[in-house]
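Secondary and tertiary structure notes
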Amino acid sequence: MDLRIFTEPQQGADYETLLTVAKATEDLGFDAFFRSDHYLRMGSADGLPGPTDAWITLAGLARETKRIRLGTLMTAGTFRLPGVLAIQVAQVDRMSCGRIELGLGAGWFEEEHKAYGIPFPAERMSRLEEQLAVITGLWATAPGATFDHRGTHYQLENSPALPKPAQAKVPVLIGGHGAKRTPRLAARYADEFNMPFASIDDSRRQFARVRAAAAEAGRKAEELVYSNALVVCVGKDDAEVARRAAAIGREVDELKANGLAGSPDEVVEKLGTYAAIGSSRAYLQLLDLDDLDHLQLISDRVLSQLD
């Protein structure tokens, strides 16, 4: 199973902190560094020194790292016009020499839209479907040809569909708990389906829906990567697990029930239960970005058992 590091910078992290974690992610052998796309902190965190933009951050990291994949879980479709986002992602992909992945979602956190004057339309899922059509259509347009799209929400006319990403196909990630539209969109547009913060049983049911939707769309279910995002809290002993749980304002029992928490062996065992239902990739939600010893432990004692 691939292990990827997933950060939530809106809770409080500047670019230098993210750069430090990304470099540690690379040095310690993890597969990728991903970040959320939010402009407002959640819960009791102070959010200081303030939000960082996901794609500006990734552009910087693209030049500061060499190996790891870089991406978003998930870019909010409400934040960017699809044509502009296609340009941004293609440019950052070139800056990284082809290491970018685009996770794209409809956007859901209304308060951050109010805080920064961003429209929060009611029909976000239909907008997301058009955004996916526009972005993938622009990238797939042959050099020298043009792209047109006449939709309900977006109209593009005679677009040169430039620039092109470095990769022939930038992987597109779609995720979520929706029982109908989400699997259908994943089957049509996604290279990876991600199930965020879900139990084994919920993940199994949703993966089955996506596989069924893929078959209905004429795709082989195994063409998609199936993954989970889960909070991580690992310690060498119970005291260290408790200390790390307290640092992120969580209870150990709750973390063990809903995430990847406990000793390295406990976490490896739980990852195995997700692997058994078809998940081949885990995004480890790392909430204390100053605790680099945590990353070191996961690398030494968890990642090493998955090789």
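In short, a report on the structure. (Residues numbered from 1 in each chain as written. Predicted model: local features only at pLDDT ≥ 70, side-chain atom pairs only at ≥ 80, totals over all residues. Heavy atoms only, no water.)

1. A look at the overall build of the chain
A tally of helices and strands in the chain yields 11 helices and 12 strands. Its C-alpha atoms give the chain a radius of gyration of 19 Å, near enough to 19 Å, the size a compact globule of 307 residues would have. Seen through its principal axes, the chain has C-alpha atoms that stretch 60 × 45 × 35 Å. For the chain, the proportion of its 307 residues judged to be buried stands at 54%. Counted over contacts in the chain with a minimum sequence separation of 6, partners at least 24 positions apart contribute 73%. A total of about 13500 Å² of accessible surface is found on the chain, and carbon and sulfur atoms cover 51% of it. Charge separation in the chain, taken as the distance between the mean sites of 35 positive and 43 negative side-chain charges, equals 6 Å. (Helix = DSSP H or I, 4+ residues; strand = E, 2+ residues; numbered from the N terminus. Rg over C-alpha atoms; globule rule 2.2 N^0.38 Å. Buried < 20%, exposed > 50% of the residue type's maximum accessible area, 1.4 Å probe, protein only. Contact = heavy atoms within 4.5 Å. Areas by Shrake-Rupley, 256 points an atom, 1.4 Å probe, with all protein chains shown as cover. Lys, Arg positive; Asp, Glu negative; His and termini not counted. Charge placed at Lys NZ, Arg CZ, Asp CG, Glu CD.)

2. Here's the deal with the environment of Val92
Inspection of the secondary structure puts Val92 in helix α3 (residues 82–95). It is 15 Å that separates the C-alpha atoms of Val92 and Val172, two residues lying 80 residues apart in sequence. The contact partners of Val92, leaving out residues within four places of it in the chain, are Trp55, Leu58, Ala59, Ala62 and Ile100.

3. Things to note about the pairing of strand β6 (residues 147–150)
Residues Phe147 and His149 of β6 are buried on one face, while the alternating residues Asp148 and Arg150, pointing to the opposite face, are not. Note that β6 and strand β7 (residues 155–159) share 3 bridges and pair antiparallel. Bridged to Phe147 within β7 is Ser159. Counting the residues that bridge the hairpin from β6 to β7 gives 4 residues. (Pairing = 2+ DSSP bridges.)

4. Examining the environment of Asp37
With respect to the helices and strands, Asp37 occurs in the loop between β2 (32–35) and α2 (54–64). Residue class for Asp37 comes out buried when judged on its relative accessible area of 1%. Linking Asp37 and Thr52, residues 15 residues apart in sequence, is a C-alpha distance of 8.7 Å. With residues near it in sequence (within four places) discarded, Asp37 still touches Ala54, Leu73, Met74, Thr75, Ala76, Phe79 and Arg80. Side-chain polar atoms of Asp37 contact the backbone nitrogen of Ala76, separated by 3.0 Å. Among the polar contacts listed, one links the side chain of Asp37 to the side chain of Arg80, at a separation of 2.9 Å. (Polar contact = N/O pair within 3.5 Å; in protein donor to acceptor, adjacent residues only side chain to side chain.)

5. Some details on helix α7 (residues 200–216)
Its 17 residues place the ends of α7 24 Å apart at the C-alpha level, agreeing with the 24 Å of an ideal helix rising 1.5 Å per residue. Burial in α7 covers these residues: Ile200, Ser203, Gln206, Phe207, Val210, Ala213 and Ala214. Viewed along the axis of α7, the buried residues span an arc of 150°, placing them on a single side of the element. Away from its buried face by more than 90 degrees, α7 exposes Ala215 and Glu216. Along its buried surface, α7 packs onto α6 (181–189), β9 (192–196), β10 (225–234) and α10 (264–276). (Expected span 1.5 Å × (residues − 1). Arc of directions from axis to C-beta.)

6. Topic: unusual backbone geometry
Cis peptide bonds are those with omega within 30 degrees of zero, and the linkage from Leu73 to Met74 qualifies with -20°. Here Met74 is to be found in the loop between β3 (69–72) and β4 (75–76). With omega at 0°, the peptide bond leading from Leu162 into Pro163 counts as cis. Residue position: Pro163 is located in the loop between β7 and β8 (172–175).

7. Quick look at the pattern of salt bridges
In this structure the tally under the stated criterion is 23 salt bridges. Residue Arg281 is joined to Asp2 by a salt bridge in which the shortest nitrogen-to-oxygen separation is 3.2 Å. Placement of the pair is Arg281 in strand β12 (residues 281–286) and Asp2 in strand β1 (residues 2–7), with a sequence separation of 279 residues. A relative accessible area of 12% means that Arg281 is categorised as buried. One salt bridge in this structure joins Lys23 and Glu64, with 3.9 Å as the shortest N-O distance. In this pair, Lys23 is assigned in helix α1 (residues 15–27) and Glu64 in helix α2, connecting sequence segments 41 residues apart. Residue classification places Lys23 among the partly exposed residues on the basis of a relative accessible area of 35%. Connected through shared salt-bridge partners, Lys236, Glu240, Arg243, Arg244 and Asp291 make up one network. (Salt bridge = Lys/Arg side-chain N within 4 Å of Asp/Glu carboxyl O.)

8. Section: α3
In this model α3 runs 20 Å from its N-terminal to its C-terminal C-alpha over 14 residues, within 8% of the 20 Å that 1.5 Å per residue would give. Residues of α3 that are buried include every one of Pro82, Leu85, Ala86, Val89, Ala90, Val92 and Asp93, and no others. On an axial view of α3, the arc spanned by its buried residues comes to 165°, and they lie on one face. Contact partners of the buried residues in α3: α2, β4, β5 (100–105) and α5 (124–140). Following α3 by one or two positions, Cys97 adopts a phi angle in the positive range, close to 60°.

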